[in-house]
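Single-letter residue listing:
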Amino acid sequence: MVFSKSKLVSSIGYILPLLLLPFLTMTITEVAHRSSFTSFFAWLVLHPGQWASGYLLVFGIMLILLLLLKRIYWAFIVLTLASVSIATISRMKMKYRGEPLLPWDLKLGGEALDVSTFFSAQAILYTLLPIVIVLAIGAVMVWKLPAPNYRLAPRIILAIVGLTLVVGMFGGTMKARKVFALEVINWDQSMNYEQNGMLVGFLLSAQYMQVQEPKEYARAAVEAIQGTSPKPEHEAPSAPNIIMIMSEAFWDPTRLENVAFSRDPLQFFHTLQKESTTGNLLVPVYGGGTVNTEFEALTSLSTQLLPAGSIAYANYVRSPQESLASILKKQGYETMAIHTYHNWFYRRNEVYRLLGFDRFISGEFFSNPEKRSGYIADQEMSRRIIEEVKNTDKPSFIYAVSMENHGPYRLGKNEENTIKVSGLSESSTNILETYIQAQTDVDESLKMLVDAFKDNDEPTIIVFFGDHLPMLGEEYSVYREAGYFQDSIDYDDYLKMYNVPFIMWDNFSSDHKKYDDTYISAFHLAHLTLSKAGAKGNELTDYLSGMFDEGMTFLPRKDFYAQAHINEQTLDHYTLLQYDRLFGEGFSYHGEPPAANEQFQMGSGPITISKAERIVTAAEPLEPNQQSGLIRLTGSHFVSSGIVYINGKQAETTFVSSEEVHAQLPDNTSGTLRISYQVLDSLNRKIAESASFDFTP
């Protein structure tokens, strides 16, 4: 009897850790992600199938780790540290961006820092706290609790069970979905994680990284849709310049009714609205994810038809796509993109080539630019746009993206905040005053641009809009305090949270439409711009033009379709066209699919070295055979960040102008020198270079 009781106790000591520790891991992970014990316990009661599936996932992984780490407590520590680290990062992303960490976030590198810059010191401490708690619990277990000894043979068997469980239930088609009746909420990822749990929600999202083919997708279906598209009428001057500017975090803060300002922060913009086509642009992102708005504006495709939270440039633009750039290029336009930041950010250096742009002038090609708050000033971008249009013989299409107004908007970001705010708490006042100070610079930059083309003989269109609302405080604190919106659960709040003002100004017409009584999705911008310019579109923009005329001017999140009175048939047709172009066979191209621009170039033009000569001063004359000293290189398109290479080695380089640089000659060299000029980016990658130039001193 004593032996049996001892054996029972021993068995319990082996089995209980295997059963309880996975539940503890899941508990700590979910509490860290939700920042609430109440929410966790409510989840256990309301969604038993969901937490059971999450428990089995953690259970299976822990059994596999037990084989590798030998001790169950070490398996618990490693797994819990990993899952809690992911949960806390996801929680912080939720706090500032309104969406959790998603599988496609893992494809982004430096772009992830775009969110982390908003974290305060207090937020970082809160992020580290769950990790410290896990380490403390693990230390107590390892040093204070008796550790069951699982021998090799049982560990192998348990690992096989765990592997079978993880692969069988959560791999492939994910059988756990049917077994536990899991609902995939891919239109609202915060709700997805709330209902399914963070770990299972993450896996469910990963399954939907690949967009499913519509059941009715076929050549005949696509061609039937195109046959219904009316051809828009175009009346405008021949080939006007088109300048499209997506201004970082541009929004109109005077929409906050309970807040007073000492003066109008957007005085020129508000004046320009009276003489321009204006409206409310419904964008797909809040606080970040800039390129999703850009993707819609350039391609006429909707990110609402892609998995929620995905980044189109990172996940789906992997082959040539028709865009506003390629459409206009076929009609004789010089097409260029300008962005005052790293060329590699969100893969723009590759995506712009796939979209048909001729050139991309990234931040590396601005020479000694003025910077404000660490970013190239918007006025520098306006000057560059004016210069590029002036130096181009063809009509210009310029798509430009600014950076000066990028957050975070902490006190001290600006040298001085000259506009005062009243009606908010001190912390919210500091955030809002910091934000609107940069808005005044945006306003001045826009004025500079409009003034340059207002009386210009060349017909010109300027389309100006924001990419998303600014991230004003944690969990929308400024907006909530001002009574503007609470979150995106309510339909009216959703519309406020995702719309920014836009204008379409030109110097040749008086036909200005006001779209104040509706919302316009960013994917409608291209056909509206083409219509204003009198330019032809493609099959997709023609279809969208008809859809717009029928009253379907915007597409909200899926759960708001009914409230937005979305025409399901029209949406189905648009979905087919989008799938055909982004993922399908390209039937809508009629045998002429788009091609990447093989002449695509970084910078304003090719870098050339046309002449090299020694610089001789009276103070330090050079002997005829002396190789040391300075040489002057003359040519074109030099930039301040460029470097001269002599015989393959980097030389000390001094930038003088876009047509002249100086370089230090190496010591103890003889004969002909091979000289080249290169531009490197922040990742130390070569993004532009000249042809080699031979020089004999």
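Every value quoted in this text rests on a predicted model; they were computed, and no experiment measured them.

Caption draft 1: Main features of unusual backbone geometry. Following Gly407, the chain continues to Pro408 via a peptide bond in cis, the omega torsion being 0 degrees. Topologically, Pro408 is positioned in the loop between strand S8 (396-401) and strand S9 (421-422). Backbone geometry at Arg347 places phi at a positive 65 degrees, although glycine is not the residue there. Judged by its relative accessible area of 19%, Arg347 falls in the buried class.

Caption draft 2: Structural detail: the nonpolar core. If you look at the biggest cluster of nonpolar residues, it comprises 154 residues, and the most contacted ones within it are Tyr352, Phe357, Ile385, Phe397, Leu432 and Tyr479. Sort the elements by how many residues they give to this core and helix H18 (residues 426-454) lands first, with nine residues. Discounting chain neighbours no more than four positions away, the residues touching Phe397 are Ile242, Met244, Leu298, Leu324, Ala325, Leu328, Tyr333, Glu334, Thr335, Met336 and Phe357. Grouped together as the second largest cluster of nonpolar side chains are 43 residues, Phe40, Ala75, Ala176 and Val200 included.

Caption draft 3: Representation of the sheet that holds strand S15 (residues 629-636) within the structure. The four strands are arranged S14-S15-S19-S18 in an open sheet whose pairing can be described as antiparallel. Sheet topology places strand S14 (608-615) and strand S18 (653-657) at the edges, where each strand pairs with a single neighbour. Across this sheet, the average inter-strand angle for adjacent strands is 25 degrees, counted without regard to direction. With four bridges joining them, S18 and strand S19 (residues 660-665) adopt antiparallel strand pairing. Within S19, the position partnered with Thr653 by the bridge is Ala663.

Caption draft 4: Representation of the pattern of salt bridges within the structure. Following the criterion strictly, the structure yields 24 salt bridges and no others. A salt bridge links Asp681 to Arg685; the shortest N-O distance between them is 3.6 Å. Its relative accessible area of 39% is what places Arg685 among the partly exposed residues. Put simply, Glu334, Arg359, Arg384 and Glu388 are held in one network by salt bridges that share partners.

Caption draft 5: Here's a closer look at the pairing of S19. With five of six residues buried, S19 is to be regarded as a mostly interior element. Where S15 meets S19, six bridges bridge the pair, whose relative direction is antiparallel. The residue bridging Gly629 from the neighbouring strand is Leu665, located in S19. Taking the residues between adjacent antiparallel strands as the criterion, S18 and S19 are bridged by two residues.

Caption draft 6: Quick look at empty space enclosed by the protein. Inspection of the entire model under this criterion finds seven cavities of 30 Å³ or more. For the largest cavity, the calculated volume is near 70 Å³. Together, 12 residues line the largest cavity, and Glu248, Thr290, Phe345, Tyr346 and Met403 are the ones closest to its centre. When grouped by side-chain class, the residues that make up the lining of the largest cavity number four nonpolar, five polar and three charged. Considered as a void within the structure, the second largest cavity measures approximately 60 Å³ in volume. Every residue lining the second largest cavity is listed: Ile245, Ser247, Asp378, Met381, Ser382, Ser402, Val442, Ser445, Leu446, Leu449 and Phe464. Elements with a minimum of two residues in the lining of the second largest cavity: strand S1 (241-247), helix H17 (378-390) and H18. At four residues, the largest contribution of residues to the lining of the second largest cavity is made by H18. Of the residues contributing to the lining of the second largest cavity, the split by class is six nonpolar, four polar and one charged.

Conventions and cut-offs
Residues numbered from 1 in each chain as written. Predicted model: local features only at pLDDT ≥ 70, side-chain atom pairs only at ≥ 80, totals over all residues. Heavy atoms only, no water. Helix = DSSP H or I, 4+ residues; strand = E, 2+ residues; numbered from the N terminus. Buried < 20%, exposed > 50% of the residue type's maximum accessible area, 1.4 Å probe, protein only. Core = buried A, V, L, I, M, F, W, Y, C linked by side-chain atoms within 4.5 Å. Contact = heavy atoms within 4.5 Å. Pairing = 2+ DSSP bridges. Axes fitted to C-alpha atoms, helices over the stretch in contact; angles between N-to-C directions. Salt bridge = Lys/Arg side-chain N within 4 Å of Asp/Glu carboxyl O. 1 Å grid on protein atoms, 1.4 Å probe; cavity = no way out; pocket = protein on both sides within 12 Å on 5 of 7 lines; lining within 4 Å. Points joined across faces, edges and corners; volume = space filled by probe spheres on them. Nonpolar A, V, L, I, M, F, W, Y, C, P; charged D, E, K, R; others polar.

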